[in-house]
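# Close look at the chain arrangement
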Amino acid sequence: MSITLWKPEPDVLIHQALGKACEEANELSGILARCLIQGLNSSEPVTGKPNRQALSDEIADLDAAVQWLRELIGDEYDEARADRKLSGFRRWQRMLEEDMRDLPYQCDACSTPGYGPDAQCRCSPSPVEREVGSDG
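Predicted model only: the values in this text are computed from it and were never measured. (Residues numbered from 1 in each chain as written. Predicted model: local features only at pLDDT ≥ 70, side-chain atom pairs only at ≥ 80, totals over all residues. Heavy atoms only, no water.)

### What to know about the overall build of the protein
Secondary structure summary: the protein contains four helices and two strands in total. Helices and strands appear in the protein in the N-to-C order α-α-α-β-β-α. Of the contacts formed within the protein by residues at least 6 apart in sequence, a portion of 31% connects residues at least 24 apart. For the protein, the accessible surface area stands at approximately 11000 Å², while carbon and sulfur atoms represent 55% of it. (Helix = DSSP H or I, 4+ residues; strand = E, 2+ residues; numbered from the N terminus. Contact = heavy atoms within 4.5 Å. Areas by Shrake-Rupley, 256 points an atom, 1.4 Å probe, with all protein chains shown as cover.)

### Thoughts on the environment of D63
Along the chain, D63 falls in helix α2 (residues 51-73). A C-alpha to C-alpha distance of 8.8 Å links D63 and A21, two positions 42 residues apart in sequence.

### Some words on the environment of A25
Take A25: it is sitting in helix α1 (residues 12-38). Owing to a relative accessible area of 33%, A25 belongs among the partly exposed residues under this scheme. (Buried < 20%, exposed > 50% of the residue type's maximum accessible area, 1.4 Å probe, protein only.)

### Digging into α2
With 23 residues, α2 ought to run about 33 Å at 1.5 Å a step, and its terminal C-alpha atoms sit 33 Å apart, in line with that. The set of residues buried in α2 consists of N51, A54, L55, E58, L62, A65, L69 and R70. Each element contacted by the buried residues of α2 is listed here: α1. Just past α2, the residue G74 takes up positive phi, approximately 70°. (Expected span 1.5 Å × (residues − 1).)

### Overview of the packing of α1 against α2
Where α1 meets α2, the axes come as close as 9 Å, and the angle between the chain directions of the two elements is 160°. Judged by the inter-axis angle, α1 sits roughly antiparallel to α2. The handedness of the crossing between α1 and α2 comes out as left-handed. Looking at side-chain class alone, the contact of α1 with α2 contains 19 nonpolar, three polar and six charged residues. (Axes fitted to C-alpha atoms, helices over the stretch in contact; angles between N-to-C directions. Parallel < 35°, antiparallel > 145°, perpendicular 65-115°, else oblique. Left-handed = near helix turned anticlockwise from the far one by under 90°. Nonpolar A, V, L, I, M, F, W, Y, C, P; charged D, E, K, R; others polar.)

### A word on α1
End to end, α1 covers 39 Å across 27 residues, agreeing with the expected 39 Å (1.5 Å per residue, within 8%). Among the residues of α1, those classed as buried are I14, A17, A21, E24, L28, I31 and C35. In this structure, the buried residues of α1 make contact with α2. Backbone nitrogen of L13 and a side-chain oxygen of the N-cap are separated by 3.0 Å at the start of α1; the cap is D11. (Polar contact = N/O pair within 3.5 Å; in protein donor to acceptor, adjacent residues only side chain to side chain.)

### Brief notes about a nonpolar patch on the surface
A contiguous nonpolar patch, built from L86, F89, W92, M95, L96 and M100 and spanning about 650 Å² of accessible area, is present on the exposed surface. Within the secondary structure, L96 sits in helix α3 (residues 79-100). The exposure class of L96 is partly exposed, given its relative accessible area of 39%. (Patch = residues over 30% accessible without salt bridge, like charges linked within 9 Å, V, L, I, M, F, W, Y side chains within 5 Å. Salt bridge = Lys/Arg side-chain N within 4 Å of Asp/Glu carboxyl O.)

### With respect to the pattern of salt bridges
A full pass over the atoms with the stated rule returns three salt bridges. Put simply, K49 and D57 hold a salt bridge, and the shortest N to O gap is 2.6 Å. In this structure, the salt-bridge partner of D75 is R70, at a minimum N-O distance of 2.9 Å.

### Quick look at the side chain of E24
Along the chain, the position of E24 falls in helix α1. Put simply, E24 is tucked away with no salt bridge, and the nearest opposite charge, on K20, sits 4.5 Å away. Discounting residues that sit within four places of it in the chain, E24 has contacts with E58, D61, L62 and A65. (Lys, Arg positive; Asp, Glu negative; His and termini not counted.)

Rendered as structure tokens:
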């Protein structure tokens, strides 16, 4: 293993812009995780701020930080690369949408997705079976 001498970025403006971009990326990461865990249409438990609004705010903050960094380092935006990436995301979205058409149900109680006629949920018995059993 080779050890090398690492030194911080010597240009103060670039150093700070790198740090702000990193900070904003981490803040975006935090709200992304909260949206995954709580749901996009839920709210932050303490402040009550809607997750959707917080997500929008953090995307804008990261966009601004990246724009500032790009201006400082003289980065040329690679529009072709961004277009290829976006095109790939959209192809993936179509694949996901097609796959979800085969999903006959999702258990409301345990969120287990079900594929095909013999799909089983993790509830024992499932809420559907409990309702059917209690009526009969």
